[in-house]
Amino acid sequence: MIRRGILVWIPTLLSAASFLLFRFQWSPLVQSQLTDFMLGFQDGMVLALLVCSLLALISTLLTCRNPEKLQKAYVEETDERTQLISRKAFSAVGWALFFVLSLIHISEPTRLA
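What counts, and where the lines are drawn
- Here the residue index of a chain counts from 1 through its sequence in written order.
- Only residues with pLDDT of at least 70 are given local features in this predicted model, and only at 80 or more are side-chain atom pairs given and counted; all residues enter the totals for whole chains, interfaces and linings.
- Excluding hydrogens and water, the side-chain values take into account all heavy atoms of the structure.
- A helix here means a DSSP run of H or I that spans at least four residues, while a strand means a run of E at least two residues long, and both kinds are numbered starting from the N terminus.
- Throughout, exposure labels follow a simple rule: accessible area from a 1.4 Å probe, protein chains only, divided by the maximum for the residue type, with under 20% read as buried, over 50% as exposed, and the rest as partly exposed.
- Any pair of residues with heavy atoms lying within 4.5 Å of one another is described as a contacting pair.
- Exposure was quantified through the Shrake-Rupley algorithm and a 1.4 Å probe, taking into account, for residues, occlusion by the shown protein chains and nothing else.
- The predictor rates its confidence in each residue with pLDDT, a number between 0 and 100.

Peer 1: Sorry, what's going on with the overall build of the protein chain here?
Peer 2: When helices and strands are counted, the protein chain shows four helices and zero strands. For the protein chain, the α and β elements follow one another from N to C terminus as α-α-α-α. Counting all 113 residues of the protein chain, 18% fall into the buried class. Across the protein chain, the fraction of contacts at a sequence separation of at least 24, relative to all contacts at a separation of at least 6, is 69%. For the protein chain, the computed accessible surface area is about 9600 Å², with 72% contributed by carbon and sulfur atoms.

Here it is in structure tokens:
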């Protein structure tokens, strides 16, 4: 549970930092070529990541404070059957994405600007 809490902080801090850097144009990267749609899309994605990670962080903190919920979360997290199923599913999805993205990359014509 502690590991999950630490892992939840990482996207929270990254999304908050990137929102501040790009929204208020404090970034050293050039942002002049971005259209309004692109800036709005970027803001929406970063804010959605920030909200989701804050909700996950609050959920983790509430779970850590309640011993019954903490015991239940520990049992769910250390269940070997669930770990095996998720490992197999993520492996299949990972290979599928690898092959699909490889085919897309090969079939996409090279664009020279």
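That shown, we press on.
Peer 1: Explanation requested: the confidence of the model for the protein chain in the structure shown.
Peer 2: As a general rule, the predicted coordinates of low-pLDDT regions are not to be interpreted in detail. Scored by pLDDT, the protein chain comes out at a mean of 78, with 77% of its residues at no less than 70. The spread of mean pLDDT over the elements of the protein chain runs between helix α1 (residues 2–23), the lowest at 71, and helix α3 (residues 67–77), the highest at 88.

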